[in-house]
Amino acid sequence: MRILNSTIAMGLGTLASSLVAVSPASAAGLPQLDASTYSAQVVWLVITFVILYVLMAKMALPRIGEVLEERQNKIDDNLTKAEELKAQADTAAQAYETSLSTARTKAQGAIRDVKEKAAGEAAARQSALHDKLKTQIAESEKAIASARDEALAGIKDVATDVASSVIEKLVGEAPDGKSVSGAIQAALKSRA
Amino acid sequence: MANPIAQFEVKTLIPLNLGGVDASLTNSGAFMVLTVVAITAFLVLGMRKRDLIPGRWQSMAELSYEFIAGLLRDNVGSEGRRYFPFIFSLFMFILFANLLGLLPYAFTTTSHIIVTFVLAMVVFIGVTIVGLVRHGGHFFSYFVPSGVPMAVMPLMIPIEIISYLSRPVSLAVRLFANMTAGHTMMKVFAGFIIPLGVFGIAPFVVDVALVGFELLVAFLQAYVFTVLTCLYLHDAIHLH
C-alpha cells in the first residue's frame, strides 16, 4: 500500500511537471508554482483551519453528538420500556390462562354434580311413579273383577225373568219358576 | 479563447504585511474563509432544531458526523476517538473547498499545491508525533519490516523510510493534481463552446458530464485524503 502510494505520487509528480512544461500561455507557468503567493496562502490556511478546528471541536461536533446520544438514549429507553410492558403482558396472559382453566375445571365439576343429582332425582321419581301406577292398576283390576262378578250374578236373574216372560208370551201361561232357573243354571254352567 | 489556467491565479484583495511576512487576503484566502463559514453554517444551522426525528438538513449534518466517525472507528479503532475533531475538520475543509471551487467564477483553494502540501504536512508531522509519543524510540521499528531476511534489510529499510517520507508528497500531489486537472479540462472544453458556434453543443455536453464527474472527484478526493490520514494514524498508533 505504501509503496503503491509513493508510485502514484511519483506518477502525479511527473504529470504536474509536464503540465508546467506544456502551458506556454503564461510565461510563469502554473500559477500554483508562483512561490510569491505561498506565504499569504499559508497564513490564511493556518488561520482559517485553526478557526474551523475550534468551531468544530467546541461547538458543532458536541451539538451533533448530543443530539445523536439523546436519540440513542431515547431509543434504548423505549426499548426497555417496551420489554417491561411485554413482560407485564405475558404475566397477565398467564394469570388469565390459569384462572380460565380453574374456572373450567370448577364448571365441569358443577355440571357433573348437577347431572348426577338430576339423574338420581329422576330415578327416584320414576320408581315412585312406577309404584303408584302399580297400585292403581291393582286397584282397578280388583274393581273390574268385582264389577264383573256382580254383573255375572245379575245375569242369572235377568235371564230367568227374560226366559219366563218369553215363555209366557209364547205359551200363554206362566212357567214354573224353579224349572226355568234350573235350566238357566244348567245353560250358564255349560257356557262357563 | 480564455486561458484555461487563468482560473488558478492568486489575486490580492487586501494587501497586508505582518512583520515582513506577506499575509494579504487573496482570493484564495477569501475562499478559505468562505469554506469555514459554509461548513459552520451547514452544521450549526442544520442542527439548530435538535429534532429527535431529523429533517433533511439535520440528516445531512448528522450523516457527515456519522460518516467520519464510522471511518475513524473502522480504520483507527477506539484510540482514534480523540482525533475525531481534526479528521472531521480536515474532511469537511477539503470537501467544501472542492465543492465551492466548482461554482462558476469560484476559486479552488485545493487546486494549489501549497495549500494541499501544508495540509499534508500537518497530517504527516502530527501522525509522526503521535507515533513518537505513544511508542518512543520503539516507533522506529516501524521502518524494519517483519519476516524479512536480514540479508535484504539494508535494502528494505531505506525503501520503508523513503515510502514513509513520500506520504505527504503523495497526499498533497494527489489532491492538487486532481483538482487542477479537472478544472483545467472543464475550462478547455468551455473555451470551445462559443467559437464552435452551433457545434459548440458538443463541448457543452461534455462539460455538463464533467460537472457531474468533478462533483464525484470533489467528494472522492476529500474521502481519499481522509482515509489515508486515518490509515497513517492507525500505523502510528498500532505500528503495522
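Residues numbered from 1 in each chain as written. Chains lettered and ligands numbered in written order. Predicted model: local features only at pLDDT ≥ 70, side-chain atom pairs only at ≥ 80, totals over all residues.

Visitor: Before we move on, could you go through the overall build of chain B and cite the residues and values that matter?
Guide: On a plain count of helices and strands, chain B comes out with seven helices and four strands. For chain B, the sequential pattern of α-helices and β-strands runs β-β-β-β-α-α-α-α-α-α-α. Projected onto its principal axes, the C-alpha positions of chain B cover 70 × 50 × 45 Å. Residue pairs in contact within chain B that sit at least 24 positions apart in sequence constitute 63% of those at least 6 positions apart. (Helix = DSSP H or I, 4+ residues; strand = E, 2+ residues; numbered from the N terminus. Contact = placed C-beta atoms within 7 Å.)

Visitor: Quick rundown of the overall build of chain A? Include the residues and the values.
Guide: Helices and strands together make up the secondary structure of chain A, namely three helices and zero strands. In sequence order, the secondary structure elements of chain A are arranged as α-α-α. Scored against the burial criterion, the 192 residues of chain A give a buried share of 9%. (Buried ≥ 20, exposed ≤ 12 C-beta atoms within 10 Å, placed from the backbone.)

Visitor: Can you tell me about the interface of chain A and chain B, naming the residues and giving the values?
Guide: At the interface, 42 residues of chain A touch 48 residues of chain B. At the level of secondary structure, the elements contributing two or more residues to the side of chain A that touches chain B comprise α1 (2–21) and α2 (38–171) of chain A. Element by element, the count of residues in the side of chain A that touches chain B is highest for α2 of chain A, at 25 residues. Its residues assigned to classes, the side of chain A that touches chain B shows 28 nonpolar, ten polar and four charged. (Nonpolar A, V, L, I, M, F, W, Y, C, P; charged D, E, K, R; others polar.)

Visitor: So what's going on with the nonpolar core? Residues and values would help.
Guide: Formed by 57 residues in total, the largest nonpolar core has its most connected members in Ile-64 of chain A together with Ile-87, Phe-88, Phe-91, Phe-93, Ile-94 and Ala-172 of chain B. At the level of elements, α2 of chain A together with α1 (27–46), α2 (56–75), α3 (84–101), α4 (113–135), α6 (167–193) and α7 (201–238) of chain B are the ones that each hand at least two residues to this core. Counting residues per element, this core draws most heavily on α3 of chain B, at eleven residues. Sequence-distant contacts of Ala-172 of chain B, that is, excluding residues within four places in its chain, are made with Ile-113, Thr-116, Phe-117 and Ala-120 of chain B. (Core = buried A, V, L, I, M, F, W, Y, C linked by C-beta atoms within 7 Å.)

Visitor: Outline the packing of α4 of chain B against α7 of chain B, listing residues and values.
Guide: Residue and element names in this part refer to chain B. Look at α4 against α7: their axes get within 8 Å of each other, and the N-to-C directions meet at 20°. The angle between α4 and α7 places the two elements in the roughly parallel class. The element α4 and its partner α7 pack so that their crossing is right-handed. Packed against α4, whose contacting residues are Val-123, Val-127, Thr-128, Val-130, Gly-131 and Arg-134, the element α7 presents Thr-229, Tyr-232, Leu-233, Ala-236 and Ile-237 at the interface. A class-by-class count of the residues in the contact of α4 with α7 yields seven nonpolar, three polar and one charged. (Axes fitted to C-alpha atoms, helices over the stretch in contact; angles between N-to-C directions. Parallel < 35°, antiparallel > 145°, perpendicular 65-115°, else oblique. Left-handed = near helix turned anticlockwise from the far one by under 90°.)

Visitor: Please give an account of unusual backbone geometry that cites residues and values.
Guide: All names here are of chain B. At Arg-50, a position not held by glycine, the phi torsion is positive, near 50°. Mapped onto the fold, Arg-50 is located in the loop between α1 and α2. For Arg-50, a count of 13 C-beta atoms within 10 Å corresponds to the partly exposed category. Phi is positive for Tyr-105, which is not a glycine, with a value near 70°. Locating Tyr-105 in the fold gives a position in the loop between α3 and α4.

Visitor: Any chance you could break down the packing of α4 of chain B against α6 of chain B for me, citing the residues and the numbers?
Guide: Residue and element names in this part refer to chain B. Between α4 and α6, the shortest axis-to-axis distance is 8 Å and the interhelical angle comes to 145°. For the element pair α4 and α6, the recorded crossing hand is right-handed. Contacts between α4 and α6 involve Ile-113, Thr-116, Phe-117, Ala-120, Met-121, Val-123 and Phe-124 on the former and, on the latter, Arg-167, Pro-168, Leu-171, Ala-172, Leu-175 and Phe-176. Tallied by class, the residues present in the contact of α4 with α6 amount to eleven nonpolar, one polar and one charged.

Visitor: Tell me about α3 of chain B, and name the residues and values.
Guide: Think of an α-helix as 3.6 residues a turn; residues three or four steps apart then line up on the same face. Compared with the 26 Å implied by 1.5 Å per residue over 18 residues, the 25 Å span of α3 of chain B between its first and last C-alpha is a close match. With 14 of its 18 residues buried, α3 of chain B lies for the most part within the structure. (Expected span 1.5 Å × (residues − 1).)

Visitor: Give a detailed account of the environment of Leu-171 of chain B, specifying residues and quantitative values.
Guide: All names here are of chain B. Among the secondary structure elements, Leu-171 is positioned in helix α6. A C-alpha to C-alpha distance of 9.8 Å links Leu-171 and Gln-221, two positions 50 residues apart in sequence. Every residue in contact with Leu-171, bar those within four places of it in the chain, is listed here: Ala-120, Val-123, Phe-225 and Leu-228.

Visitor: Explain the confidence of the model for chain B to me, using residue names and the numbers behind them.
Guide: For chain B, per-residue confidence averages 92 on the pLDDT scale, and residues scoring 70 or more make up 99% of the total. At the low end of the mean pLDDT range in chain B sits strand β2 (residues 17–18) of chain B, at 86; at the high end sits α3 of chain B, at 96. (pLDDT = per-residue confidence, 0-100.)

Visitor: Run through the environment of Lys-115 of chain A, naming residues and quoting values.
Guide: Considering the arrangement of structural elements, one finds Lys-115 of chain A in helix α2. Here the alpha-carbon distance between Lys-115 of chain A and Ser-140 of chain A, two residues 25 residues apart in the chain, equals 37 Å.

Visitor: Lay out the confidence of the model for chain A with the relevant residues and their values.
Guide: Residue and element names in this part refer to chain A. Of all residues in chain A, 85% attain a pLDDT of 70 or more, and the chain-wide mean is 84. Across chain A, element-level confidence peaks in α2 with a mean pLDDT of 92 and bottoms out in α1 with 48. Taken together, the stretch residues 7–27 has pLDDT below 50 and engages in 24 contacts with residues farther than four places along the chain or on a different chain.

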